[in-house]
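Structural characterization, general
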Amino acid sequence: QVAQFSYYMPLNYLRAQYVMEEAYKTSFFSPQTQCLEIGYGLGALTLHLLETFGSVEGYEISKESRDLFASVLSHLKLQRFKNSSKPVVQEHHTL
């Protein structure tokens with residue numbers, strides 16, 4: 001957990017920042033009004049998505065990740081994230 005917060009979280013946050021900057025340049029998010037993130041982990045991308053969409057719904061199967069990210073949100077005083085552990089997609093179709 002220490003490595004996650006001290007090394008991977010900042011690194012992934014910076015990577016996500018670059019992705020978001022590129023998305024803005026191409027107006028990737030312009031028609032979107034809602035955001036669902038699946039597998040948010042510690043939320044490096046989620047923090048950027050919260051700035052863009054105002055609120056985000058996320059799905060994470062790892063209870064440890066959900067709990068750690070909840071503590072990040074609490075520390076940052078962010079309440080605009082809906083955390084779910086229920087499957088978003090009930091069926092899987094193979095084409």
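Everything that follows concerns the structure shown earlier in this document.
1. With respect to the nonpolar core
A general feature of soluble globular proteins is that nonpolar side chains tend to end up buried together. Phe29, Leu49 and Phe69 are the most contacted members of the largest nonpolar core, which has 17 residues in total. Those elements that place two or more of their residues in this core are helix 1 (2–25), helix 2 (44–53) and helix 3 (63–76). Per element, the largest residue contribution to this core is five residues, and it comes from helix 2.

2. Notes on the packing of aromatic side chains
The relative placement of two aromatic rings is captured by the distance of their centres and the angle of their planes. Summed over the entire model, instances satisfying the criterion amount to five aromatic pairs. Judged by centre distance (5.2 Å) and plane angle (80°), the ring pair of Phe28 and Phe29 falls under edge-to-face. Accessibility expressed as a relative area gives 16% for Phe29, which makes it buried. Following the ring pairs from residue to residue traces out a cluster consisting of Tyr24, Phe28, Phe29 and Phe53.

3. A word on the environment of His48
Within the secondary structure, His48 is located in helix 2. Look at His48 and you get buried, because its relative accessible area is 6%. Put simply, His48 and Met20 are 28 residues apart on the chain and 7.3 Å apart in space, counted from C-alpha to C-alpha. Contacts of His48, omitting those with residues within four sequence positions, involve Tyr13, Ala16, Gln17 and Met20. A polar contact is formed between the side chain of His48 and the backbone nitrogen of Gln17, at a distance of 3.4 Å.

Rules behind the numbers
- Residues numbered from 1 in each chain as written.
- Predicted model: local features only at pLDDT ≥ 70, side-chain atom pairs only at ≥ 80, totals over all residues.
- Heavy atoms only, no water.
- Core = buried A, V, L, I, M, F, W, Y, C linked by side-chain atoms within 4.5 Å.
- Buried < 20%, exposed > 50% of the residue type's maximum accessible area, 1.4 Å probe, protein only.
- Helix = DSSP H or I, 4+ residues; strand = E, 2+ residues; numbered from the N terminus.
- Phe/Tyr/Trp six-rings, centres within 6.5 Å; stacked < 30°, edge-to-face > 60°.
- Contact = heavy atoms within 4.5 Å.
- Polar contact = N/O pair within 3.5 Å; in protein donor to acceptor, adjacent residues only side chain to side chain.

The values reported here are purely geometric and, on their own, carry no functional implication.
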